Amino acid sequence: TIFAPSSTVMESVDEKRKVQISDPRNSEVTEKLASYHVIANGKVTQERLKREDWTVPKVDGVAALSIGGVLTLGGELRVGRSKSGGFLGFGAKEDGNVVIGNNSALIVKSTNIGNGVVHEVDSFVAPDLIWRYYDQLRIPGF
């Protein structure tokens, strides 16, 4: 299972980040960034991510998801429901979609390919902490 950032996400990466990602001195950090986008064990479909757990009480009339996170090659990522509306997070309503990671990357589209699934997401799913490692490498001119 792969969480692939959309082409829009890749185009919106600023020039500094593109240089940092492609710099060979950052190959370990780039591998770590990529590893957060891969689940090695099993096929995790969008339906599986959306499945509700009816064995626990509902909260505000909404059933909990049966999966609270996924274990990627890079580490654990949170799974939750996307919300829209509201003000500063208050009053937002769930809209039925699934978000992955601390940055709440929304799954835009899912495609089954052989024994796996490719989920197109609207941002990187890796934690923001990864970018701090890139920032430790100072590149002249940036």
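About the cut-offs
- Residues numbered from 1 in each chain as written.
- Predicted model: local features only at pLDDT ≥ 70, side-chain atom pairs only at ≥ 80, totals over all residues.
- Heavy atoms only, no water.
- Helix = DSSP H or I, 4+ residues; strand = E, 2+ residues; numbered from the N terminus.
- Buried < 20%, exposed > 50% of the residue type's maximum accessible area, 1.4 Å probe, protein only.
- Contact = heavy atoms within 4.5 Å.
- Areas by Shrake-Rupley, 256 points an atom, 1.4 Å probe, with all protein chains shown as cover.
- Pairing = 2+ DSSP bridges.
- Salt bridge = Lys/Arg side-chain N within 4 Å of Asp/Glu carboxyl O.
- Core = buried A, V, L, I, M, F, W, Y, C linked by side-chain atoms within 4.5 Å.
- pLDDT = per-residue confidence, 0-100.
- Arc of directions from axis to C-beta.
- Phe/Tyr/Trp six-rings, centres within 6.5 Å; stacked < 30°, edge-to-face > 60°.

(A) Just the overall build of the chain, in detail. A count of helices and strands for the chain gives 5 helices and 8 strands. Helices and strands appear in the chain in the N-to-C order β-α-α-α-α-β-β-β-β-β-β-β-α. Expressed as a percentage of its 142 residues, the buried residues of the chain come to 36%. Here the analysis covers contacts within the chain between residues at least 6 apart in sequence; of these, 54% occur between residues at least 24 apart. Within the structure as shown, the chain displays about 8,800 Å² of accessible surface, and the carbon and sulfur contribution to it stands at 53%.

(B) Quick peek at the pairing of strand β7 (residues 105-113). With 6 bridges connecting them, β7 and strand β8 (residues 116-121) associate as antiparallel partners. Within β8, the residue paired with Asn112 across the bridge is Val117. What sits between β7 and β8 in their antiparallel hairpin is a turn of 2 residues, with Gly114 showing a positive phi close to 60°.

(C) Region of interest: the pattern of salt bridges. Summed over the entire model, instances satisfying the criterion amount to 1 salt bridge. The closest approach of N and O atoms between Arg25 and Asp23, which form a salt bridge, is 2.8 Å.

(D) Up close: the pairing of β8. Where strand β1 (residues 2-5) lies against β8, 4 bridges are found, and the strand directions are parallel. Within β8, the position partnered with Pro5 by the bridge is Val121.

(E) Up close: the environment of Tyr133. Considering the arrangement of structural elements, one finds Tyr133 in helix α5 (residues 129-135). By relative accessible area, Tyr133 is classed as partly exposed at 42%.

(F) Fine view of the nonpolar core. Ranked by internal contacts, the top residues of the largest apolar core, which has 24 residues, are Phe3, Leu49, Val70 and Ile100. Those elements that place two or more of their residues in this core are α3 (27-35), β5 (76-84), β6 (93-100), β7 and α5. Among the elements that line this core, the one with the most residues is α5, at 3 residues.

(G) Representation of the confidence of the model for the chain. Scored by pLDDT, the chain comes out at a mean of 81, with 76% of its residues at no less than 70. Element-level pLDDT for the chain is lowest in strand β3 (residues 64-65), with a mean of 64, against a maximum mean of 93 in β1.

(H) Structural view of α3. Taken together, the buried positions of α3 are Val29, Leu33 and Ser35. Taken around the axis of α3, the buried residues stretch over an arc of 165°, which confines them to a single face. Where α3 is buried, its residues contact α2 (15-22) and α5.

(I) Structural detail: the packing of aromatic side chains. Tallied over the full model, the rule gives 2 aromatic pairs. Both rings, one in Trp131 and one in Tyr134, keep their centres 5.3 Å apart while their planes meet at 35°; by these two values the pair is tilted. Residue Trp131 and its partner Tyr134 are located together in helix α5, separated by 3 residues, close to a single helical turn. Residue class for Trp131 comes out buried when judged on its relative accessible area of 12%. Linked through ring pairs, Phe124, Trp131 and Tyr134 together constitute an aromatic cluster.

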